[in-house]
Amino acid sequence: MWVIQKLLFLLLLEAKKELKKLRKSFARKNFFNNMERKEFEKLVEKALIDLPEKIREKMENIAICVEDTPSSSQLKKVGTRIKNSLLGLYQGVPRTVWGRESFPVRLPDKITIFQKPIEKLARSNEERIAQLVKIVVWHEIAHHFGFNEKEVRNLEKKWKFK
């Protein structure tokens, strides 16, 4: 009887170790319950709708898109190599600069929202994902209106998110 108990105990310990290894492996491979792209895009759309009307009315010539992760050139542009650290990116000429430069045709500004880093940061919690999407969308739109990173961070402290 004692031998059987000892064997069961050893098997349990071994199983526990294997479970730990599996969890680490899953975490490394990013096995999260990823949200469907369409569902994620709806969150981005809702974040835009939730913007104050005065801001929405002034948004011009801007494309907003969703990508899984930032490219290496996008990471380089912002000065980071860590893929999951970039949640969104504004690329364009801020409205505060419009008219100062003579462009015969102005291409649209581009805001990219990165789905996988947001999901990872939110630990795939749908409520937290929705909250992060709203913060990131509003953050990048602030850049469209000419706010620098420090000014946007100060604005974020004043925003009220539900």
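Residues numbered from 1 in each chain as written. Predicted model: local features only at pLDDT ≥ 70, side-chain atom pairs only at ≥ 80, totals over all residues. Heavy atoms only, no water.

Novice: Account for the environment of R128, naming residues and giving values.
Specialist: For R128, the location among the structural elements is in helix α6 (residues 126-144). Sequence separation between R128 and I118 is ten residues, and the spatial gap between their C-alpha atoms is 9.1 Å. A distance of 2.7 Å separates polar atoms of two side chains, one belonging to R128 and the other to Q131. (Helix = DSSP H or I, 4+ residues; strand = E, 2+ residues; numbered from the N terminus. Polar contact = N/O pair within 3.5 Å; in protein donor to acceptor, adjacent residues only side chain to side chain.)

Novice: An account of the packing of α6 against helix α7 (residues 149-158) is needed here, citing residue identities and associated values.
Specialist: Packing of α6 against α7 brings their axes to within 10 Å, and their N-to-C directions diverge by 135 degrees. Judged on the interaxial angle alone, α7 and α6 are oblique. For α6 against α7, the interelement crossing comes out right-handed. Touching I135, H139, A142 and H143 of α6 are E149, V152, R153, L155 and E156, all from α7. Tallied by class, the residues present in the contact of α6 with α7 amount to four nonpolar, two polar and three charged. (Axes fitted to C-alpha atoms, helices over the stretch in contact; angles between N-to-C directions. Parallel < 35°, antiparallel > 145°, perpendicular 65-115°, else oblique. Left-handed = near helix turned anticlockwise from the far one by under 90°. Contact = heavy atoms within 4.5 Å. Nonpolar A, V, L, I, M, F, W, Y, C, P; charged D, E, K, R; others polar.)

Novice: I'd like a description of the nonpolar core, backed by residues and values.
Specialist: Ranked by size, the top nonpolar core spans 26 residues in total, and within it F40, I113, I118, I129, V133, V137 and I141 carry the most contacts. Only α2 (37-49), β3 (109-114) and α6 provide two or more residues apiece to this core. Looking at this core element by element, the count peaks at eight residues for α6. (Core = buried A, V, L, I, M, F, W, Y, C linked by side-chain atoms within 4.5 Å. Buried < 20%, exposed > 50% of the residue type's maximum accessible area, 1.4 Å probe, protein only.)

Novice: Which residues make up the pattern of salt bridges, and what values go with them?
Specialist: Under the counting rule described, the total for this entry stands at six salt bridges. Here E67 ties to K110 by a salt bridge, and the two come within 3.6 Å at their closest N and O atoms. Taken together, the positions of E67 in strand β1 (residues 62-67) and K110 in strand β3 put the pair 43 residues apart, joining distant regions of the chain. Measuring nitrogen to oxygen at the nearest pair gives 3.5 Å for the salt bridge that ties R153 to E156. Here R153 and its partner E156 are both found in helix α7, three residues apart, which amounts to about one turn of the helix. For R153, a relative accessible area of 45% puts it in the partly exposed group. (Salt bridge = Lys/Arg side-chain N within 4 Å of Asp/Glu carboxyl O.)

Novice: Mind laying out the environment of L155, listing which residues take part and the relevant values?
Specialist: Along the chain, the position of L155 falls in helix α7. Judged by its relative accessible area of 22%, L155 falls in the partly exposed class. Counting along the chain gives 16 residues from L155 to H139, while the straight-line C-alpha distance between them is 8.6 Å. Residues contacting L155, with those up to four places away along its chain left out, are A142 and F147.

Novice: So what's going on with the packing of α2 against α6? Which residues, and what values?
Specialist: The geometry of α2 relative to α6 is characterised by a closest axis approach of 9 Å and an angle of 50 degrees between their N-to-C directions. One finds that α2 runs oblique with respect to α6. Crossing hand, α2 versus α6: right-handed. Taken together, the residues of α6 that come into contact with α2 (itself represented by E39, F40, L43, V44, A47 and L48) are E126, I129, A130, V133, K134, V137, W138 and I141. For the contact of α2 with α6, the residue count by class is eleven nonpolar, no polar and three charged.

Novice: I'd like a description of the sheet that holds strand β2 (residues 88-91), backed by residues and values.
Specialist: Sheet architecture is open: three strands sit in the order β1-β3-β2, paired in mixed fashion. Among the strands making up the open sheet, the edge pair consists of β1 and β2. Strand-to-strand twist in this sheet, taken as the mean axis angle between neighbours without regard to direction, amounts to 15 degrees. With four bridges connecting them, β2 and β3 associate as antiparallel partners. When the sheet's bridge partners are listed, G88 is paired in β3 with I113. Its contacts with the sheet place α2 against β1 and β3, and it is angled at close to 145 degrees to β1. (Pairing = 2+ DSSP bridges.)

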